[in-house]
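Observations on the three-dimensional arrangement
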Amino acid sequence: MKILYGIQGTGNGHIMRAREVIPALQQMGVAVIKTLNLKEKPAIRHWLMTDQNINVYYPDQTALILSQIIEENVNPPSVF
């Protein structure tokens with residue numbers, strides 16, 4: 001799977017969030033191209049043509065999260 005992460009450069013904190021996301025992607029081994037201009041064309045072409053896979057593991061915590069939500073809202077702690 002290929003991911004293109006584009007950033008709109010004005011307002012709403014997009015750049016600030018990207019400052020955290022880009023180093024995290026690089027640390028995982030994901031190729032990051034910071035600008036889309038003609039001089040980056042060879043790097044973009046290489047990225048499109050390679051089959052580089054980055055293995056990541058995100059454990060499924062759905063059941064844990066749901067049980068916590070239910071516990072907090074169905075049996076709220078007593079105030080007395």
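Structural data are supplied above this passage.
Residues numbered from 1 in each chain as written. Predicted model: local features only at pLDDT ≥ 70, side-chain atom pairs only at ≥ 80, totals over all residues. Heavy atoms only, no water.

1. Examining the overall build of the protein
Note the following rule: Think of it this way: any DSSP run of H or I at least four residues long counts as a helix, any run of E at least two long counts as a strand, and we number them from the N terminus. Contacts are assigned to residue pairs with any non-hydrogen atoms lying within 4.5 Å of each other. To be clear on the numbers: accessible area is Shrake-Rupley with a 1.4 Å probe, and residue cover counts the displayed protein chains and nothing else.
The secondary structure content of the protein amounts to 3 helices and 0 strands. Secondary structure elements of the protein occur, N-terminal to C-terminal, as α-α-α. Counted over contacts in the protein with a minimum sequence separation of 6, partners at least 24 positions apart contribute 33%. Split by element, the accessible area of the protein, about 7600 Å² in all, is 60% carbon and sulfur.

2. So, the side chain of Glu40
Here is the rule: Buried means the residue's accessible area, taken with a 1.4 Å probe over protein chains only, is under 20% of the maximum for its type, while exposed means over 50%, and partly exposed covers the values in between. The sign given to each residue is positive for Lys and Arg and negative for Asp and Glu; His and the chain ends receive no count. Take a side-chain nitrogen of Lys or Arg and a carboxyl oxygen of Asp or Glu: if they are within 4 Å of each other, that pair is a salt bridge.
Note that Glu40 resides in the loop between helix H1 (14-27) and helix H2 (41-49). Although Glu40 is buried, it forms no salt bridge, and the closest oppositely charged side chain is Lys39 at an N-O distance of 4.7 Å. The residues touching Glu40, leaving out its near neighbours within four places in the chain, are Ile33 and Thr35.

3. Describing H1
Keep this limit in mind: Every helix has an expected span of 1.5 Å times one less than the residues it contains.
If you check H1, its first and last C-alpha atoms are 20 Å apart, about what 14 residues at 1.5 Å a residue would give, namely 20 Å. Looking one or two residues beyond H1, the residue adopting positive phi is Gly29, at roughly 95°.

4. So, a nonpolar patch on the surface
Where we set the bar: Candidates for patches are residues over 30% relative accessible area with no salt bridge; among them, like charges are joined within 9 Å and nonpolar side chains (Val, Leu, Ile, Met, Phe, Trp, Tyr) within 5 Å.
Residues Ile65, Leu66, Ile69, Ile70 and Val74 make up a contiguous nonpolar surface patch of about 460 Å² in total accessible area. Mapping Leu66 onto the fold places it in helix H3 (residues 62-74).

5. Section: the environment of Thr35
With respect to the helices, strands and loops of the structure, Thr35 is situated in the loop between H1 and H2. The class for Thr35 is partly exposed, based on a relative accessible area of 36%. When the C-alpha atoms of Thr35 and Ile7 are compared, they prove to be 9.8 Å apart, with 28 residues separating the residues in sequence.

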